[in-house]
Amino acid sequence: RPADVALVRVEQISPFPFDQIANYAKTYPNADVVWCQEEPKNMGAWYFVRDRIMTATRVINGNEQRPGYVGRTTMASTAEGYGAVHDAEQKKIIDTALSDAYTAIPFGRLH
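Computed from a predicted model, the values in this text were never measured in an experiment.

Calculation criteria
- Residues numbered from 1 in each chain as written.
- Predicted model: local features only at pLDDT ≥ 70, side-chain atom pairs only at ≥ 80, totals over all residues.
- Heavy atoms only, no water.
- Helix = DSSP H or I, 4+ residues; strand = E, 2+ residues; numbered from the N terminus.
- Polar contact = N/O pair within 3.5 Å; in protein donor to acceptor, adjacent residues only side chain to side chain.
- Contact = heavy atoms within 4.5 Å.
- Salt bridge = Lys/Arg side-chain N within 4 Å of Asp/Glu carboxyl O.
- Buried < 20%, exposed > 50% of the residue type's maximum accessible area, 1.4 Å probe, protein only.

Undergrad: Just to check I follow, could you spell out the side chain of arginine 72 for this structure?
TA: Among the structural elements, arginine 72 can be located in strand β2 (residues 68-72). Here glutamate 38 takes part through its backbone oxygen, which lies 2.5 Å from a polar atom of the side chain of arginine 72. Residue contacts for arginine 72: discarding those within four places in its chain leaves Gln37, Glu38, Glu39, Pro40, Lys41, Glu80, His86, Glu89, Gln90 and Ile93.

Listed below in structure tokens is the structure:
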């Protein structure tokens, strides 16, 4: 439910804001941490931020949180290719991000 969601936008990932990520995670101790991106999984920041989010929460907060992932699957191209398919995929990303139907095996909560 959107009323139960806190959105945090990471403006800059290098240098990585370990302290800010840890602070937000500590502010919402019962929340699941989820990384959401529009880019395909292998083209966005996911593989860069995943371990850094775990490090920030483990080292600074003393409680490692494994982030979930919401976004496009791994793809060879940077775009879907068709506007209607892109729009449907975009809607799916947003709907999933605002639900608890995400997963990032082996990272994140498994459903």
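Let's pick the thread back up.
Undergrad: I tried to follow the pattern of salt bridges on my own but got confused; where do I start?
TA: Here the idea is simple: oppositely charged side chains can pair when their charged atoms come close. What the rule picks out here adds up to 6 salt bridges. Between arginine 50 and aspartate 51 there is a salt bridge, with its nearest N and O atoms 3.7 Å apart. Accessibility expressed as a relative area gives 17% for arginine 50, which makes it buried. Taking the shortest distance from any N to any O, the salt bridge between glutamate 64 and arginine 66 comes out at 3.4 Å. Under the relative-accessibility criterion, glutamate 64 is labelled partly exposed at 31%.

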